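Chain residues, written in single-letter form:
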Amino acid sequence: MEVASMESVGVLMTNQMYPYLEDQLAKRFNLFRLWNYPSLSAFSKAHANSIRAIVGSTKMGADATMIDSLPNLEIVCTYSVGLDKIDLPKCKQRGIPVANTPDVLTDDVADLAIALALSVSRRICVSDSFVRNHSWQKSDFYLTSKFSGKTVGIVGLGRIGSAIAKRAAAFGCPVSYHSRSEKPDTGYKYYSNILDLASNSQILIVACALTQETHHIVNRQVIDALGPKGILINIGRGQHVDEAELVSALKEGRLAGAGLDVFENEPHVPEELFSLENVVLVPHIGSDTVETSNAMADLVIANLEAHFQNKPLLTPVT
Ligand code: NAP
């Protein structure tokens, strides 16, 4: 199929994403915006037969109901590397290929993990407020905790986990990890059990994929193994951590601090965290730089164009 003839291909965007992506999709395809309709069923009644591609995101992907309601669906692309919002078995059953945006966002997410670890250890946000609210004129800021040299444990030594490990190693931090499989060539210490990783880490960083097995992989036991001097960083998904347990551990001093980019019920964040100085909270911004967002959007478009030109996908999910 020629690029020009793609203008008639119906593509459904599930929610508002980066405007550049929306503009580029609208230029190339017959773009439908799900948020302009009162419900999926209202949309399907009017346009189900027109849709050949879905573009989803971390907010809304493609669940079984959506996939089942689109009889001519050929491909699902997600503006994310995480696949947790896509019903992969359903896609497989229908023979629908899936593409995501790996690699292009790895550096940004790894940078943010280290930024959070530094911000929690050195109390960057609290000390910034200290200057802004004129407290410095009354006293010096309190002493914080050193980051360089701390033992760092990484849950999920994939693309992002490996990039975090590289950065942590540059700070002189001994790195160990827990994944499904050992990566013998990395030189980092492997723990087959997350509890052992947490017991042997001062900073635990969650960077694994969200699946049924990793839901609440950080539970009360893991938090207690990390202990009252430990810091938890989560740049994976909110559902990796039992958030209620995390909140009580922080309030009760059973954990020294947390840096969180992701939450169980985004955009809602437990109010109890707002008053804690040992917590840094950011609104799921892991990959949200202009450079990376452009690269992710270009990759979504390139995958769609490849599919409709009968070429191999650039980043298929296998
Ligand atoms: P990746 O290369 O596929 O790595 C995923 C890692 O998860 C692998 O190391 C894998 O272990 C591990 N894993 C999977 N199931 C596991 C289990 N049951 N127990 C322990 N570890 C398990 O993916 P990536 O590109 O690094 O991305 C990782 C995740 O980061 C994404 O899935 C997404 O949820 C999150 N993310 C967040 C943001 C953000 O904005 N905060 C941005 C991008 C991505 P094996 O190697 O042993 O299979």
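Residues numbered from 1 in each chain as written. Predicted model: local features only at pLDDT ≥ 70, side-chain atom pairs only at ≥ 80, totals over all residues. Heavy atoms only, no water.

Lining the immediate surroundings of the ligand are 27 residues, of which Ile-160, Arg-180, Ser-181, Lys-183 and Asp-261 lie closest. Interatomic distance of 3.5 Å between a side-chain N/O atom of Arg-237 and an oxygen atom of the ligand. Protein chains shield 88% of the accessible area of the ligand, which is 940 Å² for the free molecule. For the shell around the ligand, the per-class residue count stands at 10 nonpolar, 11 polar and 6 charged. (Near = heavy atom within 4 Å. Polar contact = N/O pair within 3.5 Å; in protein donor to acceptor, adjacent residues only side chain to side chain. Areas by Shrake-Rupley, 256 points an atom, 1.4 Å probe, with all protein chains shown as cover. Nonpolar A, V, L, I, M, F, W, Y, C, P; charged D, E, K, R; others polar.)

This chain's UniProt record puts "domain: D-isomer specific 2-hydroxyacid dehydrogenase NAD-binding" (unreviewed entry) on residues 114-286. Between the C-alpha atoms that bound residues 114-286 the distance is 11 Å, and the span itself is 30% helix and 14% strand. (UniProt positions renumbered as here; feature names shortened; annotations may be inferred. Helix = DSSP H or I, 4+ residues; strand = E, 2+ residues; numbered from the N terminus.)

Further remarks concern empty space enclosed by the protein. With the rule as written, the count across this model stands at 1 cavity of 30 Å³ or more. Within this model, the largest cavity holds a volume of roughly 30 Å³. Taken together, Asn-234, Gly-238, Val-241, Glu-243, Leu-246, Leu-260 and Val-262 make up the lining of the largest cavity. Here the residues of the lining of the largest cavity sort into 4 nonpolar, 2 polar and 1 charged. (1 Å grid on protein atoms, 1.4 Å probe; cavity = no way out; pocket = protein on both sides within 12 Å on 5 of 7 lines; lining within 4 Å. Points joined across faces, edges and corners; volume = space filled by probe spheres on them.)

We now examine the nonpolar core. The tendency in soluble globular proteins is for nonpolar side chains to be buried side by side. Core analysis: the biggest nonpolar cluster contains 53 residues, and Leu-21, Val-55, Ile-164, Ile-235 and Leu-304 have the highest contact counts within it. With 8 residues, the top contributor of residues to this core is helix α5 (residues 106-122). Here this core gathers at least three residues from each of two domains, domain 1 (3-103 + 290-308) and domain 2 (106-281). Apart from residues lying up to four places away in sequence, Leu-304 is in contact with Val-11, Leu-25, Phe-29, Ala-53, Val-55, Ile-75 and Cys-77. Counting 26 residues, the second largest nonpolar core, distinct from the first, contains Leu-204, Leu-260, Phe-263 and Val-279. (Core = buried A, V, L, I, M, F, W, Y, C linked by side-chain atoms within 4.5 Å. Buried < 20%, exposed > 50% of the residue type's maximum accessible area, 1.4 Å probe, protein only. Domains from an automatic or database assignment. Contact = heavy atoms within 4.5 Å.)

Let us look at the sheet that holds strand β4 (residues 75-78). With parallel pairing, the 5 strands of this open sheet are ordered in space as β2-β1-β3-β4-β5. If you trace the sheet from one side to the other, it starts and ends with β2 (30-33) and β5 (98-99), each paired once. Pairing of strand β1 (residues 10-13) with strand β3 (residues 51-56) involves 4 bridges; the strand directions are parallel. Among the inter-strand pairings, Gly-10 is bridged to a residue of β3, identified as Ile-51. Relative to the sheet, helix α1 (residues 19-28) contacts β1, β2 and β3, its axis offset from that of β2 by approximately 135 degrees. (Pairing = 2+ DSSP bridges. Axes fitted to C-alpha atoms, helices over the stretch in contact; angles between N-to-C directions.)

A word on the domain arrangement of the chain. As far as domains go, the chain holds domain 1 (3-103 + 290-308) and domain 2 (106-281). The C-alpha centroid of domain 2 is placed 32 Å from the C-alpha centroid of domain 1. Across the contact, 7 residues belong to domain 1 and 5 residues belong to domain 2. Taken over both partners, the interface formed by domain 1 and domain 2 buries close to 590 Å², and the fraction arising from carbon and sulfur atoms is 42%. Summed over the three residues of domain 1 that lose the most area to domain 2, namely Asp-84, Asp-103 and Thr-292, the buried surface amounts to 64% of that side. Across the contact surface, domain 1 and domain 2 share 1 salt bridge. In this structure, the connection of domain 1 to domain 2 is made through 3 residue pairs in polar contact (both at pLDDT 80 or more). Residues that form the side of domain 1 that touches domain 2 fall into these classes: 2 nonpolar, 3 polar and 2 charged. (Buried area = accessible area lost by both parts, 1.4 Å probe. Salt bridge = Lys/Arg side-chain N within 4 Å of Asp/Glu carboxyl O.)

A complete count under the given rule lists 0 disulfides for this structure. Cysteine Cys-77 shares no disulfide, and the gap to the nearest cysteine sulfur, in Cys-91, comes to 11 Å. We classify Cys-77 as buried; its relative accessible area is 1%. Not engaged in a disulfide, the cysteine Cys-125 finds its nearest cysteine sulfur in Cys-173; these two sulfurs lie 19 Å apart. Judged by its relative accessible area of 40%, Cys-125 falls in the partly exposed class. (Disulfide = S-S within 2.5 Å.)

As annotated by UniProt and renumbered to match this structure, "domain: D-isomer specific 2-hydroxyacid dehydrogenase catalytic" (unreviewed entry) occupies residues 32-317. Each end of residues 32-317 is marked by a C-alpha atom, and these two atoms are 24 Å apart; helix forms 35% of the span and strand 14%.

What follows is about helix α7 (residues 159-170). Across its 12 residues, α7 extends 17 Å between first and last C-alpha, which sits within 8% of the 16 Å expected from 1.5 Å per residue. The complete set of buried residues in α7 reads Ile-160, Gly-161, Ala-163, Ile-164, Ala-165, Arg-167 and Ala-168. The elements touched by buried residues of α7 are α5, β6 (152-155), β7 (175-178) and β9 (203-206). (Expected span 1.5 Å × (residues − 1).)

Turning our attention to the side chain of Ser-179. Along the chain, Ser-179 turns up in the loop between β7 and β8 (189-190). By relative accessible area, which is 10% here, Ser-179 ends up buried. At 2.8 Å, the side chain of Ser-179 and the backbone nitrogen of Leu-157 are in polar contact. Once you skip the residues sitting within four places of it in the chain, Ser-179 turns out to touch Gly-156, Leu-157, Tyr-190 and Tyr-191.

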